[in-house]
Amino acid sequence: MPLYREQHLQEISKQFRIYGQILHAEPCKIGHINETYTATYDQGGVLVRYIHQKINQTVFKNPGAVMENIVRVTSHIRTKLATQGAREVTRKALTVVPTHDGRPYYQDGEGECWRTFVFVEKVQSFESVQSPTQAFEAGKAFGMFQSLLADLPGARLHETIPDFHHTRKRFAALEQAVAADHCNRARFAAAEIEFALAQQPWIGTLLDAFANGELPERITHNDTKFNNVMMDWETGRAMCVVDLDTVMPGLVLYDFGDMVRTTTSSTLEDEKDLTKVHLQMPMFEALARGYLSAAGAFLTPAEKAHLTFAGKLITFTIGIRFLTDYLAGDVYFRVHRPDHNLDRCRTQFHLVRSITEQEESMQKFVDRL
Ligand code: GN1
Ligand code: MG
């Protein structure tokens, strides 16, 4: 975790349209990219919480574009929910708190970009799935998210990270990292490198289908990790999805793929005991049911036919991203122990094998829905 500077955060907090006084703030450990704080304010004697977040500009080169997307997307969802007469709209869509001069983020004297969200209370996220009901809720939440954005008016959203899920480019980056072997680590990852390189024949399947016009571009979330779904404490139902930095034009299949990666094995993403890592059919079935309950109406037959494959593809793609970062010296994903990225890679590759073994029955299940 980066150094937490309370004084600095106090200064940041004053830039936003928040009533009252900041009392304290704590770093929030979820996520490998941005720096997040939960801050408590006193508003007329009531304690109210906000999220302050520093955007990682090594990863997000254009914070203005990120925030423009987020404001458009959250405003659209909020308006639609309100029109439908939904209750608790500020718990169902994130609310960006602007700066005093009406901007969606504040740039401090060091060039760092900060943004603020209303804290959604009485919800929690889970690092790993606990039950098929949760898997259903996660699938439904991301399906709803896509569905609510299907009619977003205006210009195409910005691509906040170009080619984010472009497996061929990610593969090329891995090949380069292996060739360069900057940190002399390739020898510790020989088996993983060999496995990764052997998968080349199928990695371009969705890219080709998209290029041929078989798959449509839609507005997608692109980081549909299970821990990005906020579940209500009391009801266990999904309230909203968070982490909207990569909401941009994409394939719904990548979203579903990352749900499969993070919602079907009950282990953590960096589980070291690989005997525990496998795709659990009941979780997958619940996830697919949840997702299709919300997205089934707009998916094309070609999209539906690739749902299982997408799970394998995205798990592989994130696996090679971890491996590339391990070889490059842990420059992208925040790590918390030596070999963390290699452990994460091993877990992903193990899951790829498990999905491959069950691919046929998984897709058969989807076809029946
Ligand atoms: C990163 O923000 P966070 O930690 O949820 C990454 C995702 C990866 C994920 C793996 C912008 O997401 O693509 O799937 O780590 N986000 C970015 O845990 O690269
Ligand atoms: Mg993220």
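Residues numbered from 1 in each chain as written. Chains lettered and ligands numbered in written order. Predicted model: local features only at pLDDT ≥ 70, side-chain atom pairs only at ≥ 80, totals over all residues. Heavy atoms only, no water.

### Describing the packing of helix 5 (residues 167-180) against helix 6 (residues 190-198)
What counts here: Helix axes use the C-alpha atoms of the stretch in contact, all axes being lines fitted to C-alpha atoms, and the angles between their N-to-C directions lie in the range 0 to 180 degrees. Only DSSP runs of H or I reaching four residues or more are called helices, and only runs of E reaching two or more are called strands; each is numbered from the N terminus. Helix crossings are classified by the rotation of the near helix relative to the far one: an anticlockwise turn of less than a right angle makes the crossing left-handed, while a clockwise turn makes it right-handed. Note on contacts: a residue pair is in contact if any heavy atoms of the two residues lie within 4.5 Å. Polar here means any residue outside two lists: the nonpolar Ala, Val, Leu, Ile, Met, Phe, Trp, Tyr, Cys and Pro, and the charged Asp, Glu, Lys and Arg; Gly therefore counts as polar.
In the contact formed by helix 5 and helix 6, the axes pass within 11 Å of each other and the chain directions differ by 145°. The crossing of helix 5 and helix 6 is left-handed. Between helix 5 and helix 6, the residues in contact are Phe171, Leu174, Glu175 and Val178 and Ile193, Ala196 and Leu197, respectively. Its residues assigned to classes, the contact of helix 5 with helix 6 comprises six nonpolar, no polar and one charged.

### A short note on the nonpolar core
Our working definition: Here the nonpolar core consists of buried residues drawn from Ala, Val, Leu, Ile, Met, Phe, Trp, Tyr and Cys, with membership extended through side-chain atoms lying within 4.5 Å. Each residue's exposure class comes from its accessible area (1.4 Å probe, protein chains only) as a fraction of the maximum for that residue type: buried when under 20%, exposed when over 50%, partly exposed otherwise. Note: domain ranges come from an automatic or database domain assignment.
Leu206, Phe256, Tyr291, Phe316 and Leu323 are the most contacted members of the largest nonpolar core, which has 100 residues in total. Element by element, the count of residues in this core is highest for helix 11 (residues 307-328), at twelve residues. Two domains each provide a minimum of three residues to this core, namely domain 1 (3-60 + 96-120) and domain 2 (132-368). When residues no more than four places from it in sequence are discounted, the contact partners of tyrosine 291 are Gly139, Lys140, Gly143, Gln146, Val252, Phe256, Met259, Gly296, Leu299 and Leu307. Within the second largest apolar cluster, twelve residues are counted, among which are Leu9, Ile12, Tyr41 and Tyr50.

### Side note on the coordination of the magnesium ion (ligand 2)
Worth spelling out the cut-off: Because water is not among the atoms used, a metal site may look incomplete, as its donors are only the N, O and S atoms within 2.8 Å, or 3.2 Å for Na, K and Ca.
Taken together, the protein ligands of the magnesium ion (ligand 2) are Asp223 (OD) and Asp243 (OD), with distances of 1.8 to 2.0 Å. With a gap of 20 residues between them, aspartate 223 in the loop between strand 8 (218-220) and strand 9 (229-232) and aspartate 243 in the loop between strand 10 (238-241) and strand 11 (248-250) connect regions that are remote in the sequence.

### Section: the site of ligand 1
Heads up, the condition is: A single heavy atom is enough: if one lies within 4 Å of a molecule or strand, its residue is considered near that molecule or strand. Polar contacts, as counted here, are pairs of nitrogen or oxygen atoms within 3.5 Å of one another; within protein the pair requires one atom able to donate a hydrogen and one able to accept it, and residues that are adjacent in sequence qualify only if both atoms are side-chain atoms. Here, Shrake-Rupley sampling with a 1.4 Å probe gives the accessible areas, and only protein chains in the shown set may cover a residue.
In the vicinity of ligand 1, 17 residues are found, and the nearest of them are His32, Lys225, Glu269, Arg321 and Tyr332. Residue tyrosine 332 places a side-chain N or O atom 2.5 Å away from an oxygen atom belonging to ligand 1. In the complex, the protein chains occlude 96% of the 440 Å² of accessible area that ligand 1 would expose alone. Here the shell around ligand 1 gets three residues from one element, more than from any other, and that element is helix 11. Residue composition of the shell around ligand 1, by class: nine nonpolar, two polar and six charged.

### A short note on the sheet that holds strand 10
Let me state the cut-off plainly: Strands qualify as paired when DSSP identifies two bridges or more between them.
Strand order in this open sheet of three strands is 7-9-10, and the pairing throughout is antiparallel. Each of the sheet's edge strands pairs with one partner strand only, and the pair in question is strand 7 (123-124) and strand 10. Pairing analysis gives three bridges linking strand 9 to strand 10, with the strands arranged antiparallel. Bridged to valine 229 within strand 10 is valine 241.

### A few points about the packing of aromatic side chains
Note the following rule: Pairing of aromatic side chains requires ring centres within 6.5 Å, counting the rings of Phe and Tyr and the six-membered ring of Trp. Pairs whose planes differ by under 30 degrees are stacked, by over 60 edge-to-face, and all others tilted. Here, a charge over a ring is recorded when the distance from Lys NZ or Arg CZ to the ring centre is within 6 Å and its angle to the ring normal is within 35 degrees.
By the definition in use, this model includes ten aromatic pairs. An aromatic cluster is defined as three or more aromatic residues linked by ring pairs; in this entry it consists of Phe195, Trp202, Phe309, Phe316 and Phe349. Just above the ring of tryptophan 202 sits the side chain of lysine 312; from NZ or CZ to the centre is 4.5 Å.

### A closer look at helix 8 (residues 252-263)
For clarity, the cut-off: Multiplying 1.5 Å by the helix residue count minus one yields the expected span of that helix.
Under the 1.5 Å per step criterion, the end-to-end length of helix 8 is 16 Å for twelve residues, consistent within 8% with the ideal 16 Å. Of all twelve residues that make up helix 8, twelve are buried, and the element is covered over most of its length. Val252, Leu253, Tyr254, Asp255, Phe256, Gly257, Asp258, Met259, Val260, Arg261, Thr262 and Thr263 are the residues of helix 8 that are buried.

### Examining the pairing of strand 6 (residues 113-118)
Remember that side chains alternate between the two faces of the sheet whenever the strand is regular. Of all six residues that make up strand 6, five are buried, and the element is covered over most of its length. Of the strand pairs in this sheet, strand 4 (residues 96-97) and strand 6 are connected by two bridges, and their pairing is antiparallel. Each residue of the ladder has a partner; that of valine 96, found in strand 6, is phenylalanine 117. Of the pairings in the sheet, the one linking strand 5 (residues 106-107) to strand 6 comprises two bridges and is antiparallel in character. Opposite glutamine 107, over in strand 6, you have cysteine 113 as the bridge partner. The hairpin turn running from strand 5 into strand 6, its antiparallel successor, is five residues long, and glycine 111 in that turn takes a positive phi close to 85°.

### Quick look at helix 11
At 3.6 residues per turn, the α-helix brings residues three or four places apart onto the same side. The end-to-end C-alpha distance of helix 11, which contains 22 residues, comes to 31 Å, matching closely the 32 Å that a straight helix rising 1.5 Å per residue would cover. Summarising burial for helix 11: 21 of the 22 residues are buried, a large majority. Once helix 11 finishes, glycine 329 follows within two positions and takes phi at roughly 100°, a positive value.

### Considerations on the domain arrangement of the chain
Definition in use: Buried area: the accessible area, evaluated with a 1.4 Å probe, that two parts lose upon being put together, summed over both parts. Any carboxyl oxygen of Asp or Glu within 4 Å of a side-chain nitrogen of Lys or Arg constitutes a salt bridge here.
Once the domains are mapped, the chain shows domain 1 (3-60 + 96-120) and domain 2 (132-368). With nine residues of domain 1 at the interface, the matching set in domain 2 holds twelve residues. Summed over both sides, the interface of domain 1 with domain 2 buries roughly 1,000 Å², with 53% coming from carbon and sulfur. By the criterion of area lost to domain 2, the three top residues of domain 1 are His32, Val59 and Phe60, representing 55% of everything that side buries. If you look at where domain 1 meets domain 2, you find one salt bridge. A salt bridge links aspartate 245 to arginine 115; the nearest nitrogen and oxygen atoms lie 2.6 Å apart. Among the residues making up the side of domain 1 that touches domain 2, the classes are represented as five nonpolar, three polar and one charged.

### Looking at the pairing of strand 1 (residues 21-28)
Where strand 1 meets strand 2 (residues 35-43), seven bridges bridge the pair, whose relative direction is antiparallel. From the neighbouring strand, alanine 25 faces strand 2, where its bridge partner is alanine 39.

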